[in-house]
Amino acid sequence: MQINQTGKMLVEPRDYRSFCFRGEGRANFVISARHRLTGVRIVWRFAKARKSGLLTVKARSELVNSYMERIVAPFFDEQYLVDMNIVEFDTIDVHQLAKIPSLPANQKIEKFEDLFGLPDELSFLPLNTFQRVHGAVILTNPKRLTSLQMLDATQLPMTIADGMHSSTITVEIKPKQGFFQNHPNVNVPHCNNCILQIEKSCGTSHFSQMYDFCPMDLFSGSYSRMHKAIHSLFLVPHRNLRIFIDGNQVHSDEKPLAKEVFSETLFPRNEATSDDLISALCFALSGNHSKKKFRLRDSSVLGQILRAQKVDEIGIVQAHAIYDRMEHHVKTSLLDKGSLTRVGLESILEQKSSENDDILQQLRRYFLAATMKDCSIMISLRLLQSCSNRRPDVIRLPNGRLFAVSIKIVDLDPKTAKNLINSHARFMSGVKIIRLDQESTENDRKFKPCI
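These numbers come from a predicted model, not from an experiment.

Student: Is there a simple way to think about unusual backbone geometry in this case?
Tutor: Keep in mind that most residues, glycine aside, have a negative phi and that most peptide bonds are trans. Located in the positive-phi region is Ser18, a residue other than glycine, with phi close to 55°. Relative to the elements of secondary structure, Ser18 occurs in strand E3 (residues 16-24). Located in the positive-phi region is Asn185, a residue other than glycine, with phi close to 60°. Within the fold, Asn185 resides in the loop between strand E11 (168-173) and helix H4 (192-203). A residue is classified by how much of its surface remains accessible, and Asn185, at 70% relative accessible area, is exposed.

Spelled out as structure tokens, the structure:
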């Protein structure tokens, strides 16, 4: 890896092995690879154009990195955050790497050169998106693309993994909004997430069945309710849960595991069960080490996410109403993903004396909280034979089983007014569906209330 003139590292993909597709969000493709010398597995996040679904040459890695450092990081303990570096690639190399999302799930490409034999049509960065003809010469612009590079969160840190021989199980959970918010003229007993899930399941053909997951249970601080929430995601994951074994995805909405084979897939030697895994997740996410005095601890990953979410004091309905009343130039500024970073966290959280300024700050706090409501938690666990010392990164279940644990928060991207506009339309559609359901007799109603 070289350092270029701008101070960024220039990645040489030929120094890596075992390339695979790690996942796709609304704004990114994530590709994983293992360094051939160090053995460390990392991921690269490449920006995606929303309209085309292709990789974009207009990557905004600096913007996302600055948002993480200045706005997001102060809310969380360092142990929960992933160190990110901005790196550069030769664009023609990214064209090759962008073939990986087209491959079947879990397929590994051992060497970078193996990608050259795959058809160019597979690439999510087609050659014609960054090449133009000038006379008889093909010009490539830009020659370099930036990406965010970080450690692969499906791997346990080396200090935890030493001396262990069982597989690493990584559970990715999108916890969503963990507190109930009242909205003007929205008198339905359902939380934000459940309203949006009802809209997705009933208003579209996106999901074939509803699930029983409710963030109110996950954030409740009650062991039994947390267990119920995670178990419901194991059964019907939607886009809120994925499970990996040693970096290979084994359970997701696209390809779910059958309930009957869950335990034997996760623990093929019958050394533990899927219920043990759910118990370990309850302890890890809540910050507890036993069921005695079980609660959601402020220092836990869920406790810190919840605190960050609660900077939003207005909710989606009021936020949309405020945005609607804004002058055109203010609306335009709130469509910019860099707007919160420029204002700064201290100013965003400060209460303003002017009513107009305070209303704008409330809206900015809504956008900040929206990041925290749409993040993902990566919990990597490995079953231990024994552990002589009491360690904060080891969980002992009531039945004596031990799990080493590492937790990271990912997908902490800036949100803008575009997210608000789209989500509000879906939210109100979900409210309408619930109101129609409430007109049915109590026995015929489809949707269980959250409160």
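Student: It is not clear to me how the environment of Gln351 should be interpreted in this structure. Could you clarify?
Tutor: When you line up the elements, Gln351 lands in the loop between helix H13 (345-349) and helix H14 (355-373). Placed 10 residues apart in sequence, Gln351 and Gln361 show a C-alpha to C-alpha distance of 7.7 Å. If sequence neighbours within four positions are ignored, Gln351 has contacts with Glu313, Asp358 and Arg365.

Student: What should I look at first to understand the side chain of Thr154 in this one?
Tutor: Within the fold, Thr154 resides in the loop between strand E10 (144-151) and helix H3 (158-161). Residue classification places Thr154 among the buried positions, given a relative accessible area of 1%. At 3.2 Å, the side chain of Thr154 and the side chain of Gln155 are in polar contact.

Student: Explain the packing of helix H6 (residues 223-235) against helix H8 (residues 274-286) here, please?
Tutor: Running from N to C, H6 and H8 cross one another at 125°; their axes reach a closest spacing of 9 Å. Between H6 and H8, the interaxial angle falls into the category oblique. Crossing hand, H6 versus H8: right-handed. For the pair H6 and H8, the contacting residues are Tyr223, Met226, His227, Ile230, His231 and Phe234 in the first and Ser274, Asp275, Leu277, Ile278, Ser279, Leu281, Cys282, Phe283, Leu285 and Ser286 in the second. Taken together, the residues of the contact of H6 with H8 sort by class into 10 nonpolar, five polar and one charged.

Student: Which parts of the structure should I look at to understand the domain arrangement of the protein?
Tutor: Interface size is commonly expressed as the accessible surface area that is lost when the partners come together. Its domain assignment divides the protein into domain 1 (9-151) and domain 2 (153-450). A straight line from the C-alpha centre of domain 1 to that of domain 2 covers 26 Å. Taken together, the contact pairs 27 residues of domain 1 with 40 residues of domain 2. Contact between domain 1 and domain 2 buries roughly 2900 Å² in total, counting both sides, with carbon and sulfur atoms accounting for 54%. Taken as a group, Tyr67, Phe75 and Tyr80 account for 27% of the area that domain 1 buries against domain 2, more than any other trio of residues on that side. Where Arg45 meets Asp413, a salt bridge forms, and the shortest distance between an N and an O atom there is 2.8 Å. Scanning the region where domain 1 abuts domain 2 turns up 15 residue pairs in polar contact (both at pLDDT 80 or more). Every element with two or more residues in the side of domain 1 that touches domain 2 is listed here: E3, strand E5 (41-47) and helix H1 (61-72). A class-by-class count of the residues in the side of domain 1 that touches domain 2 yields 13 nonpolar, five polar and nine charged.

Student: In this structure, what is going on with the sheet that holds strand E12 (residues 241-245)? I would like to understand it.
Tutor: Sheets are built from strands paired through backbone hydrogen bonds, the pairs being either parallel or antiparallel. A sheet is described by the order of its strands in space; here six strands give the open sequence E13-E12-E11-E14-E16-E15, paired in antiparallel fashion. Of all the strands in the sheet, the pair left with one neighbour each is strand E13 (248-251) and strand E15 (394-396). Averaged over all pairs of adjacent strands, the angle between strand axes in this sheet comes to 30°, irrespective of strand direction. Here E11 runs beside strand E14 (residues 376-384); their pairing, made up of six bridges, is antiparallel. Within E14, the position partnered with Ile173 by the bridge is Ile377. Sitting on the sheet, H8 touches E11, E14, E15 and strand E16 (402-410), and the angle it makes with E14 is about 125°.

Student: What is the right way to look at the nonpolar core in this model?
Tutor: Across soluble globular proteins, nonpolar side chains have a tendency to be buried as a group. One finds Leu218, Leu285, Leu368 and Ile379 to be the most contacted residues of the largest nonpolar core, which totals 101 residues. Element by element, the count of residues in this core is highest for H8, at eight residues. Counting only domains with at least three residues in this core, you end up with domain 1 (9-151) and domain 2 (153-450). Membership of the second largest hydrophobic core comes to 22 residues, among which are Trp44, Val87, Leu97 and Leu125.

Criteria and cut-off values
- Residues numbered from 1 in each chain as written.
- Predicted model: local features only at pLDDT ≥ 70, side-chain atom pairs only at ≥ 80, totals over all residues.
- Heavy atoms only, no water.
- Helix = DSSP H or I, 4+ residues; strand = E, 2+ residues; numbered from the N terminus.
- Buried < 20%, exposed > 50% of the residue type's maximum accessible area, 1.4 Å probe, protein only.
- Contact = heavy atoms within 4.5 Å.
- Polar contact = N/O pair within 3.5 Å; in protein donor to acceptor, adjacent residues only side chain to side chain.
- Axes fitted to C-alpha atoms, helices over the stretch in contact; angles between N-to-C directions.
- Parallel < 35°, antiparallel > 145°, perpendicular 65-115°, else oblique.
- Left-handed = near helix turned anticlockwise from the far one by under 90°.
- Nonpolar A, V, L, I, M, F, W, Y, C, P; charged D, E, K, R; others polar.
- Domains from an automatic or database assignment.
- Buried area = accessible area lost by both parts, 1.4 Å probe.
- Salt bridge = Lys/Arg side-chain N within 4 Å of Asp/Glu carboxyl O.
- Pairing = 2+ DSSP bridges.
- Core = buried A, V, L, I, M, F, W, Y, C linked by side-chain atoms within 4.5 Å.

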